Amino acid sequence: MITYPATDSKPTRQAFGDEITELGKNNQDIVVVDMDISKSCKTDKFAKELPDQHLNVGIAEQGGAGVAAGMATAGKIPFLSTYAVFGSMRMAEQVRQETCYPFLNVKIACSHGGLTPANDGGSHQAIEDMGIYSSMPNMTVIMPADYHSTRKLVKEASEIYGPVYLRFTREKVPMIYDENEEFTIGKANKIQSGNDVAIIANGDTVSIALEATKQLTDQGISVQLLDMHTIKPIDREAVQECMDIGNIVTVEDHNIINGLGSAVSNVVAEEGNARVRKIGVQDQFGESAPYEKLLELNGITVDNIVRKAKELV
Amino acid sequence: MSHPTIEELKQQAAELRKTAVTMVYKAQSGHPGGSLSAADIITSLYFKEMNIDPANPDWEDRDRFVLSKGHVAPIQYSALAHLGYVPFEEIHRLREYKSPFQGHPDSKKCPGIDISTGSLGQGFSCAVGMAIAGKMDNKDYRSFALLGDGEIQEGQIWEAAQTAVKQKLDNLIAFVDDNRLQIDGPTEEIMPNQDIEKKFESFGFQTKRINGHSIEEIIRTLDEFTQEKNGVPKCIVCDTVKGKGVSFMEDVVAWHGKAPNDEEYQAALAELEGGLES
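Each chain carries its own residue numbering, running from 1 in the direction its sequence is written. Labels are handed out in written order, letters beginning with A for the chains and numbers beginning with 1 for the ligands. It should be noted that, the model being predicted, local features are given only for residues of pLDDT at least 70 and side-chain atom pairs only at 80 or more, the latter also being counted only at that level, while totals for whole chains, interfaces and linings use all residues. Heavy atoms from the whole structure form the basis of all side-chain values; hydrogens and water molecules are not counted.

Caption draft 1: Quick peek at the UniProt feature "domain: Transketolase-like pyrimidine-binding" (unreviewed entry) in chain A. UniProt annotation of "domain: Transketolase-like pyrimidine-binding" (unreviewed entry) refers to residues 10-175 of chain A when read in the numbering used here. Only runs of H or I of at least four residues qualify as helices and only runs of E of at least two qualify as strands under DSSP, and these elements are numbered from the N terminus. Secondary structure across residues 10-175 of chain A divides into 44% helix and 19% strand, with the first and last C-alpha atoms of the span separated by 7 Å. UniProt positions are given in the numbering used here, feature names are shortened, and annotations may be inferred rather than shown by experiment.

Caption draft 2: Here's a closer look at the pattern of salt bridges. Whenever a carboxyl oxygen of Asp or Glu lies within 4 Å of a side-chain nitrogen of Lys or Arg, that contact is scored as a salt bridge. Enumeration according to the criterion identifies 34 salt bridges over all chains in this entry. Residue K25 of chain A pairs with E22 of chain A through a salt bridge whose shortest N-O separation is 3.3 Å. Taken as a pair, K25 of chain A and E22 of chain A lie in helix α1 (residues 12-26) at a separation of three residues, close to a single helical turn. A salt bridge links E271 of chain A to R236 of chain A; its shortest N-O distance comes to 2.3 Å. Of this pair, E271 of chain A sits in helix α11 (residues 260-271) while R236 of chain A sits in helix α10 (residues 236-245); the two residues are 35 residues apart in sequence, bridging distant segments of the chain. When accessible area is computed with a 1.4 Å probe and restricted to protein chains, residues below 20% of their type maximum are described as buried, those above 50% as exposed, and intermediate ones as partly exposed. For E271 of chain A, a relative accessible area of 39% corresponds to the partly exposed category. Here the residues in one salt-bridge network are D178, R180, E197, R209 and D239 of chain B, joined through shared partners.

Caption draft 3: The arrangement of the UniProt feature "domain: Transketolase N-terminal" (unreviewed entry) in chain B in detail. UniProt records the feature "domain: Transketolase N-terminal" (unreviewed entry) for residues 12-267 of chain B in the present numbering. Within the segment residues 12-267 of chain B, helix and strand shares are 39% and 13% respectively, and the terminal C-alpha atoms sit 19 Å apart.

Caption draft 4: Fine view of helix α9 (residues 215-227) of chain B. All names here are of chain B. For a helix, the expected span equals 1.5 Å multiplied by the residue count minus one. Compared with an ideal rise of 1.5 Å per residue, which puts 13 residues at 18 Å, α9 spans 18 Å between its outermost C-alpha atoms and is within 8% of the ideal. Those residues of α9 lying buried are I215, I218, I219, T221, L222, F225 and T226. All buried residues of α9 fall inside an arc of 165° around its axis, so they share one side. Opposite its buried face, α9 presents the exposed residues R220 and Q227, each directed more than 90 degrees away. Check the buried side of α9 and you find it contacts α1 (6-27), α3 (39-49), β2 (143-148), β3 (172-178), β6 (206-211) and β7 (234-239). This arc is built from the directions going out from the helix axis to the C-beta atoms. Should any heavy atoms of two residues lie within 4.5 Å, those residues are considered in contact.

Caption draft 5: Up close: the interface of chain B and chain A. If you look at the interface, chain B gives 27 residues, while chain A gives 27 residues. In short, buried area is how much 1.4 Å probe accessible area vanishes from two parts on joining, totalled over both. It is Q122, M136 and E159 of chain B in chain B that bury the most area against chain A; as a group they hold 25% of the surface buried on that side. A salt bridge links K76 of chain A to D137 of chain B; its shortest N-O distance comes to 2.6 Å. A 3.5 Å cut-off defines polar contacts: any pair of N or O atoms within that distance qualifies, except that in protein one atom must be a possible hydrogen donor and the other a possible acceptor, and neighbouring residues in sequence count only when both atoms are side-chain atoms. Joining chain B to chain A, the criterion identifies nine residue pairs in polar contact (both at pLDDT 80 or more).

Caption draft 6: Region of the structure containing the state of the cysteines. Here, the term disulfide refers to a pair of cysteine sulfur atoms separated by no more than 2.5 Å. Overall, the coordinates contain zero disulfides over all chains when judged by the stated rule. Left unpaired, C126 of chain B is separated from the closest cysteine sulfur, that of C100 of chain A, by 13 Å. For C126 of chain B, a relative accessible area of 0% corresponds to the buried category. With no disulfide of its own, C238 of chain B has C235 of chain B as its nearest cysteine by sulfur position, at a separation of 8.4 Å. With a relative accessible area of 0%, C238 of chain B lands in the buried category.

Caption draft 7: Molecular detail of the environment of G162 of chain A. Residue and element names in this part refer to chain A. Here G162 is to be found in the loop between α8 (147-159) and β7 (164-167). You can call G162 buried: its relative accessible area is 2%. Remark: the alpha-carbon pair of G162 and N298, spanning 136 residues in sequence, is separated by 34 Å. In contact with G162, other than residues within four places in its own chain, are F103, L104, N105, V106 and K107.

Caption draft 8: A look at the domain arrangement of chain A. Residues and elements named next belong to chain A. Domain parsing of chain A yields domain 1 (9-174) and domain 2 (189-312). The interface is formed by 33 residues belonging to domain 1 together with 28 residues belonging to domain 2. In this assembly, domain 1 packs against domain 2 so that about 2,100 Å² is buried in total across both faces, 60% of it on carbon and sulfur atoms. Looking at the side of domain 1 facing domain 2, the largest losses of area belong to L115, I127 and M143, adding up to 29% of the total buried there. Here domain 1 is connected to domain 2 by zero salt bridges. Per the annotation, domain bounds derive from an automatic or database assignment of domains.

Caption draft 9: Representation of the sheet that holds β3 of chain B within the structure. Residue and element names in this part refer to chain B. Any two strands are treated as partners once DSSP identifies two or more bridges connecting them. Strand order in the open sheet formed by five strands is β1-β2-β3-β7-β6, and the pairing between neighbours is parallel. Edge positions in the open sheet fall to β1 (64-67) and β6, since each of these has one partner strand only. Each adjacent strand pair in this sheet contributes to an overall mean axis angle of 20°, direction not counted. Sheet topology note: the β2/β3 ladder contains six bridges and is parallel. Residue pairing across strands places A145 opposite A174, the latter belonging to β3. Sitting on the sheet, α9 is in contact with β2, β3, β6 and β7, with an inclination near 165° to β6. Here, axes are lines fitted to C-alpha atoms. For helices the fit covers the stretch in contact, and angles between N-to-C directions go from 0 to 180 degrees.

Caption draft 10: Structural context of the packing of α1 of chain A against α8 of chain A. Residues and elements named next belong to chain A. Remark: α1 packs on α8, axes separated minimally by 8 Å, with the N-to-C direction vectors making an angle of 40°. Comparing the axis directions of α1 and α8 gives the class oblique. Every pair of crossing elements has a handedness; the one defined by α1 and α8 is right-handed. For the pair α1 and α8, contact is made by T12, Q14, A15, F16, D18, E19, E22 and L23 and by Y147, T150, R151, V154, K155 and S158, respectively. Each residue receives one of three labels: charged for Asp, Glu, Lys and Arg, nonpolar for Ala, Val, Leu, Ile, Met, Phe, Trp, Tyr, Cys and Pro, and polar for the others, Gly being one of them. A class-by-class count of the residues in the contact of α1 with α8 yields five nonpolar, four polar and five charged. These descriptions rest on fixed angle ranges, namely under 35 degrees for roughly parallel, over 145 for roughly antiparallel, 65 to 115 for roughly perpendicular, and the rest for oblique. Left-handed describes a crossing whose near helix is turned anticlockwise from the far helix by less than a right angle; the clockwise case is right-handed.

Caption draft 11: Spatial organisation of the nonpolar core. One finds I248 of chain A together with F124 and F200 of chain B to be the most contacted residues of the largest nonpolar core, which totals 82 residues. As used in this record, nonpolar core signifies buried Ala, Val, Leu, Ile, Met, Phe, Trp, Tyr and Cys residues forming a set joined through side-chain atoms within 4.5 Å. Formed by 52 residues, the second largest nonpolar core is a distinct cluster that contains L115, L153, L210 and Y291 of chain A.

Caption draft 12: Here's a closer look at the sheet that holds strand β14 (residues 275-281) of chain A. All names here are of chain A. Across the sheet, five strands lie side by side as β9-β11-β10-β13-β14; this open sheet has mixed pairing. Only two strands of the sheet have a single neighbouring strand rather than two, namely β9 (189-192) and β14. This sheet shows a mean twist of 20° between the axes of neighbouring strands, independent of strand direction. Pairing of β9 with strand β11 (residues 223-227) involves three bridges; the strand directions are antiparallel. Residue pairing in the sheet places N189 in a bridge with D227 of β11. Against the sheet, helix α9 (residues 206-218) touches β9, β10 (197-201) and β11, its axis set at about 170° to β11.

Caption draft 13: Up close: the environment of A160 of chain B. Residues and elements named next belong to chain B. Within the fold, A160 resides in helix α6 (residues 155-166). It is 8.4 Å that separates the C-alpha atoms of A160 and C126, two residues lying 34 residues apart in sequence. Beyond its immediate chain neighbours, meaning those up to four positions away, A160 contacts F124, S125 and V128.

Caption draft 14: Representation of the environment of E270 of chain A. Residue and element names in this part refer to chain A. Mapped onto the elements of the fold, E270 is located in helix α11. Classification of E270 by relative accessible area gives exposed; the value is 53%. Looking at E270, its side chain comes within polar contact range of the side chain of R236, at 3.1 Å.

Set out below in structure tokens:
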């Protein structure tokens, strides 16, 4: 069930830290490989409670990725934990060669996705990561929207075989789902049905899209709202439904190139006929600023979603 | 672990060299130089040292081997073919469509390959991960890795080394095939390694430099190192000659990644018959 407006908010990295510790207690093959930032990635609790299943390789992401792959060949389920910029770029080739190519069961679980490490500046804001991992065969790419959905999707990622990239927020995001909501990797979560325009969002932009949906609904526009937490494999059936509506707005905290909007547009280009407007980071690096300011600089706002939706309807 | 005599192992090494050269000749592509420099190390591991079962390549207690210098796949493939991991006639399909013998080792396509390699600098980290998993599961298996002297220019090698020492991996043994040549020229010119033993030693490894073409020395060093359960990973730096066993390939940079023609192939086979001079 959706709670809107949300009464509480938490960073989704916290959900990862909480869930992975519970999962580790029940499955001793689950291993966390940290790279010196366990406190920030919220895996410090796992390290403390499950020291025999934990490894800290220091500031050495490439080696960490290789070690995880080696452990996976022996039946371990390693979760590499770092920031999204390093987890998707410093170790990209290692993950490609030693996890995706041999199809090993390694998960890359990264905090500080998108613009959420706002005051850290452009160096730490990962806007390319989901596109990079979407390009790699065998990889699944996910960004959950809030605390409870993150816990569910982390659990599911631990239960499916194969490489998964999971992306979390540094900033707090509203808790919109209750703990009983179920999530399936590769299956969009339909928050609301409608027939004038479809809004497809993921990650921290789902709560922004929710507010836009409310405003549009108040103005008599019927909105279908999807939480497309998995951008690869994309839920083609769900996109098909949106194509039937004919108007689609995508919203993401990622570069406008190669993220959610591109994944949706690919399905539209291949299989159907609909008008798509993409909202996301405008192919530009960020800077140190409040998180909301950075979203605004890229048009990732309630007002812009409402405007684009109305242009289409 | 089997118990062949040193003489039998030398014969086996000669057979592996012939098979590797045949594979590269047939494919008209591949890396003969480094395959020949690594032949005696590979023979000692596959035909003497490692606890492996060709009939059960995924046996969970098997010793692991990672060919971190993945481009010398022909010598590893030769060992796998002679041991029966794959039908022997597959040696004629190196680098062909749907062959188990891909250009670089592919664990999805070839039984007996513990992990795919080919991008230099990465395999050693994987071998470290295998050794860590073994420790976590209280298994007795060992993890062996073969590194090139050019390959250790990659920074990731040293990330793996520091993790191996921190994790006290006395179940890990790295070989460095120090044949002193890389594609663009002598390692000493392209990027000097300085003292490889001292480098590994200063990271915390127990190291030894030996003649990488002396099966006696390789076996003796392995006996010594595998018995030391002292919480320290080991590194065996091997003095080798690129192209060893084929006179016109020995110490010649051009034979890094070049296939012999008909005449060269016949000459190579004739020289390899009977093994290395001792």
